[in-house]
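# Descriptive analysis of the structure
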Amino acid sequence: MAKITEEQLEKIVKHQEELTAILNNIGALETQKHALLHKVAEVNESLEKEKQELEKEYGKISVDLKTGEYTEIKEEETLEVVE
C-alpha cells in the first residue's frame, strides 16, 4: 500500500489537532456566551423589579447613578382631538 511521507503525515496531523483545539475552544466560548446571556436576562429582571419598587415609593423618577440624586419625570398630558 502506498503511503505519504512521514513529514507530510506530521503536518496533516498537526493541522488536524490545531483545528480540533480551535473547535473545542469555540464550543467552550459558546457555552460561556450562553451562560452570560442567561445572566444578562436575570440582571435585567432584577433591575426592572428595583425600578418598579422605586417607582412605587417615589413615583416616576430619573436617578443619577453617581450621586443617588433624582428628579421627577413629568408625564406630558396628551392632547385629545375631538371632531
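Residues numbered from 1 in each chain as written. Predicted model: local features only at pLDDT ≥ 70, side-chain atom pairs only at ≥ 80, totals over all residues. Heavy atoms only, no water.

## Looking at the overall build of the protein chain
The cut-off we apply is this: Runs of E in the DSSP output that reach at least two residues are strands. Runs of H or I that reach at least four are helices, and both are numbered from the N terminus. Throughout, the radius of gyration refers to the C-alpha atoms, and the reference size of a globule is 2.2 Å times the residue count to the power 0.38. Each residue is placed in one exposure class: buried if its accessible area under a 1.4 Å probe, protein chains only, is under 20% of its type's maximum, exposed if it is over 50%, and partly exposed if it falls in between. The accessible surface values rely on the Shrake-Rupley method and a 1.4 Å probe; as for residues, cover is taken only from the protein chains in view. In this count, Lys and Arg are taken as positive residues and Asp and Glu as negative ones, while His and the chain termini are left out. Every charge is mapped onto a representative atom, which is NZ of Lys, CZ of Arg, CG of Asp or CD of Glu.
For the protein chain, the count of helices and strands is one helix and two strands. Counted from the first residue to the last, the protein chain has its helices and strands arranged as α-β-β. Here the C-alpha radius of gyration of the protein chain, 29 Å, is well above what a compact globule of 83 residues would show, namely 12 Å. Taken over 83 residues, the protein chain has a buried fraction of 1%. Carbon and sulfur atoms form 55% of the exposed surface of the protein chain, whose accessible area is close to 8,700 Å². Taking the 11 positively charged and 21 negatively charged side chains of the protein chain as two groups, their mean positions are separated by 8 Å.

## Concerning the pattern of salt bridges
What counts is decided by this rule: The rule for a salt bridge is simple: a side-chain nitrogen of Lys or Arg has to be within 4 Å of a carboxyl oxygen of Asp or Glu.
Counted under the stated rule, the structure contains six salt bridges. In this structure, the salt-bridge partner of Glu 7 is Lys 11, at a minimum N-O distance of 3.7 Å. In this pair, Glu 7 and Lys 11 are both assigned in helix α1 (residues 6–58), four residues apart and thus about one turn of the helix distant. The exposure class assigned to Lys 11 is partly exposed, which follows from its relative accessible area of 48%. Across the pair Lys 60 and Glu 55 runs a salt bridge, and its minimum N-O distance is 3.9 Å.

## Digging into the packing of aromatic side chains
Put simply, the rule is: Each Phe, Tyr or Trp ring, with Trp reduced to its six-membered ring, pairs with another whose centre is within 6.5 Å; inter-plane angles below 30 degrees give stacked pairs, above 60 give edge-to-face pairs, and intermediate values give tilted ones.
For the coordinates displayed, the defined rule picks out one aromatic pair. Here the aromatic rings of Tyr 58 and Tyr 70 are separated by 5.0 Å at their centres, their planes lie at 55°, and the arrangement is tilted. Residue Tyr 58 is found in helix α1, and its partner Tyr 70 is found in strand β2 (residues 70–72); the two are separated by twelve residues along the sequence. On the accessibility criterion, Tyr 58 (37% relative accessible area) is partly exposed.

## Quick notes on the confidence of the model for the protein chain
Defined as follows: Confidence scores here are pLDDT values: one per residue, from the predictor, ranging 0 to 100.
The share of residues in the protein chain with pLDDT of 70 or more is 93%, and the mean pLDDT across the chain is 93. The secondary structure element of the protein chain with the lowest average pLDDT is β2, at 93, and the one with the highest is α1, at 98.

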